[in-house]
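# Examining the three-dimensional arrangement
One-letter residues, chain by chain:
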Amino acid sequence: MNATGAIQDPVPGKFDPAEVRSLFPALEREVYGKPLVYLDNAASSQKPQAVIDRLVRYYSSEHSNVHRGVHFLSREATDAYEAARKRAAAFVNAPSEPEVLYTRGTTEGINLVASSFGPLHVGKDDVVLVSHMEHHSNIVPWQMLCEAQGARVQAIPVSDTGEIVYEEFERLLAERVRLLAIGHVSNALGTVNPLKRMIRHAHDLGVPVVVDGAQAAPHMKVDVQELDCDFYAFSSHKMFGPTGIGILYGKAEHLETMPPWQGGGDMIETVTFEKTTYNEPPHKFEAGTPNIADVLGFASAIDFLEGVGQNRVAAYERDLLAYATERLSEIEGVRLIGTATDKASVLSFLIGDIHPYDAGTILDRLGIAVRTGHHCTQPLMRRFGIPGTVRASFALYNTFDEADALVAGVRRVKEMLG
Amino acid sequence: MLANMTANGTIQERAHDIVEEFGLFDDWMGKYEYLIEIGQALSPLDSRYKTKAYRIHGCQAQVWIRPEMKNGLVFYEGDSDALITKGLVALLVRVLSGQPPQEIVEADLEFLDRIGMKDHLSSTRRNGLASMVKQLKLFALAHTGSA
């Protein structure tokens, strides 16, 4: 057990999906009398027993409010809660713990930046630059900001393969761009964006960069110092941790000047009716009793993922994705949406002119969980002129057999609906 | 083996026929294949009616249903761009179209359960079957007493 009180399952020395898989009780389920093939990991991943046990133990014997009590339980909870922050900071290689804020998830992290940092940088007639492949949660908060400030959102075009058109990005940057908001990995296409290069370009023009890291954190090592991004938001629930908790990394220089987002307990230094002074970051941005249990569960998820080894995970998932892509492409009429050179985890496709909803319904009956629809990326779907896709998204516990099951399922869909 | 889509009979009688037809298939695949067949056989809705006014919300696929009162009875036609959804539309049209509004309002659609399509009624399913049923009944409700 470490300072966060994390429960760690013994992790095999060599990466073995079967062994890793056995740590996830939900994967033993059957649906419609068939073994569950869970390929909806981009929406949310399943949880290892260690994370589940951590939540149970916290509520069974450790629960108390943090940052408040002088008593034993409160001190113990506070220590574990802050140790988890240290854990999360190390996970993304943040330079210091106060640069790591707890949020409800990626969406809240982006909204926090848009609400607190946005108005300091974006004014009338300015531009917030996003890409055409962003998730709605990395579009709408910026539209709300722009509406309030009299600014506008511009989108970097995406190529037919689902990649940023880099020359267009450079051209757009030269406009009155005050902020760049970009996904690390596209949830609908799996494209890994060339963040390091984009961030360097943006910084050359003094443009701060906010990264939506929701789809990257479960699949690769994230290093915010190497990226040099100004903000990086991600969610616990997509990386084997509990729902309702996430991290917003922000550079200290920004967090210090940003006004608080929500008022309440814990975020203040002194309160009078005349003038309230605020606590230092990160507490300035964490009003009210936080989500203590899920923070601790999240720390266990980080231990799990780092225990397995993110580089090993990335290598395994790359092979799995390549295999599934190849096998699926053998089926006549299958059209892959998103064929970028650098991809992670996601296989988005259409089968002839079969509606994604029909395909998803049949796959579901075969025990295969995929997502269908627009994946909260309506502008991107319009860009490709399609109503949506069928999306299979892999995680470290998926097997080559499951990729085969998907391929067999798609063949069955074709027989029934083609 | 497709049955006559403009069958006569009460809601209950029509539902009973559907249950019997689906009863010929003993696994989910046969039932779904039949549902898809029923969807394919539904005459398409004239494209001028595929508008916002007739669109049913809450569906991942697009669904349109056009109700009409004729001689005190409610007639429905509908369509969808997804075949399974279209099959569900066809079943509702077959059971409810041409019935008196009061009967439609009071209709118990438990036949959907009996043919193995009950999970489509759950609000978490994004095919909007629940929304379809609600819209069909709301139109009928607005015309109760006008018969």
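Going along each chain's sequence as written, the residues are numbered from 1 onward. A letter from A marks each chain and a number from 1 marks each ligand, given out in the order of writing. At least 70 in pLDDT is required for a residue's local features to be given in this predicted model, at least 80 for side-chain atom pairs to be given and counted, and no such filter applies to totals for whole chains, interfaces and linings, which use all residues. For the side-chain quantities, the full set of heavy atoms in the structure was used; hydrogens and water were omitted.

Turning our attention to the overall build of chain B. Of the regular secondary structure elements, chain B holds six helices and two strands. Counting from the N terminus, the helices are the DSSP runs of H or I reaching at least four residues and the strands are the DSSP runs of E reaching at least two. Overall, chain B shows an N-to-C arrangement of helices and strands of α-α-β-β-α-α-α-α. A burial count over chain B gives 48% of its 147 residues as buried. The accessible surface values rely on the Shrake-Rupley method and a 1.4 Å probe; as for residues, cover is taken only from the protein chains in view. Roughly 7,200 Å² of accessible area belongs to chain B as shown, and the carbon and sulfur atoms make up 48% of that amount. Throughout this description, buried means an accessible area under 20% of the type-specific maximum (1.4 Å probe, protein chains only), exposed means over 50%, and partly exposed covers the range between.

A few words now on the packing of helix α11 (residues 310-329) of chain A against helix α14 (residues 400-417) of chain A. Residue and element names in this part refer to chain A. Interaxial angle, 0 to 180 degrees, is taken between N-to-C directions of lines fitted to C-alpha atoms, where a helix line uses only the stretch in contact. Remark: α11 packs on α14, axes separated minimally by 10 Å, with the N-to-C direction vectors making an angle of 25°. In terms of orientation, α11 lies roughly parallel with respect to α14. Considering only the axes of α11 and α14, their crossing is right-handed. Only F400, A403, D404, V407 and V410 of α14 make contact with α11, whose side of the interface consists of Y316, D319, L320, Y323, A324, R327 and L328. Looking at the contact of α11 with α14 residue by residue, the class counts come to nine nonpolar, no polar and three charged. The cut-offs work like this: below 35 degrees is roughly parallel, past 145 is roughly antiparallel, 65 to 115 is roughly perpendicular, and the gaps in between are oblique. Less than a right angle of anticlockwise turn of the near helix away from the far helix marks a crossing as left-handed, whereas a clockwise turn marks it as right-handed. Contacts: residue pairs with any heavy atoms within 4.5 Å of one another. Gly falls in the polar group here, along with every residue not listed as nonpolar (Ala, Val, Leu, Ile, Met, Phe, Trp, Tyr, Cys, Pro) or charged (Asp, Glu, Lys, Arg).

With that out of the way, let us pick up the pattern of salt bridges. All names here are of chain A. Salt bridges, as used here, are contacts in which a Lys or Arg side-chain nitrogen is within 4 Å of a carboxyl oxygen on Asp or Glu. Taken as a whole and assessed by the stated rule, the structure comprises 26 salt bridges over all chains. Salt-bridge contacts for E62 lead to R54; the nearest nitrogen and oxygen are separated by 2.9 Å. Looking at R54, the relative accessible area reads 1%, which means it is buried. Note that D303 is salt-bridged to R87, the shortest N-O span being 2.5 Å. Of the two residues, D303 is situated in helix α10 (residues 292-308) and R87 in helix α3 (residues 72-91); the sequence distance between them amounts to 216 residues. Residues joined in a network through salt bridges with shared partners are R54, R57 and E62.

Residue and element names in this part refer to chain A. Boundary definitions for the domains trace back to an automatic or database domain assignment. Looking at chain A, the domain boundaries give domain 1 (17-40 + 309-412) and domain 2 (57-306). Computed from C-alpha atoms alone, the centre-to-centre distance between domain 1 and domain 2 is 28 Å. Across the contact, 35 residues belong to domain 1 and 29 residues belong to domain 2. Buried area: the accessible surface (1.4 Å probe) lost by two parts on joining, summed over both. Between domain 1 and domain 2 lies a buried interface of about 2,600 Å² when both sides are counted; carbon and sulfur atoms form 59% of it. Summed over the three residues of domain 1 that lose the most area to domain 2, namely Q310, L380 and R383, the buried surface amounts to 25% of that side. Across the contact surface, domain 1 and domain 2 share one salt bridge.

Further remarks concern α3 of chain A. Because the α-helix completes a turn every 3.6 residues, residues three or four places apart line up on one side. All names here are of chain A. Each residue after the first adds 1.5 Å to the expected span of a helix. Counted at 1.5 Å a residue, the expected span for α3 with its 20 residues is 28 Å, and the 28 Å between its end C-alpha atoms agrees. Buried within α3 we find S74, A77, T78, A80, Y81, A83, A84, R85, R87, A88, A89 and F91. Taken together, the buried residues of α3 touch α2 (49-62), β4 (100-103), β9 (231-235), β10 (246-250), α10 and α11. Backbone geometry just after α3 places N93 at a positive phi near 55°.

Another point: the packing of helix α4 (residues 106-121) of chain A against helix α5 (residues 140-149) of chain A. Helices that pack against each other are described as a pair by the angle of their axes relative to one another and the distance between those axes. Residues and elements named next belong to chain A. Relative orientation of the contacting elements α4 and α5 amounts to 25°, with a least axis distance of 9 Å. Taken as axis vectors, α4 and α5 run roughly parallel relative to one another. You can see that α4 and α5 cross each other, and the crossing is right-handed. Counting all contacts with α4, which are made through I110, N111, V113, A114, G118 and P119, the residues of α5 involved are P141, W142, L145 and Q149.

Position of K86 of chain B relative to the elements: it lies in helix α3 (residues 83-96). Ignoring anything within four residues of it in the chain, the contact list for K86 of chain B reads G39, L42, D79 and S80 of chain B.

Before going further, it helps to examine the nonpolar core. Counting residues in hydrophobic clusters, the biggest one holds 151 residues, and the most contacted among them are Y232 and L396 of chain A together with F111 of chain B. Inspection of this core shows a minimum of three residues originating in each of domain 1 (17-40 + 309-412) and domain 2 (57-306) of chain A. When residues no more than four places from it in sequence are discounted, the contact partners of L396 of chain A are F15, P17, V20, F24, F240, F304, L305, V313, Y316 and E317 of chain A. Put simply, a nonpolar core is a bunch of buried Ala, Val, Leu, Ile, Met, Phe, Trp, Tyr and Cys residues held in one set by side-chain atoms that sit within 4.5 Å of each other.

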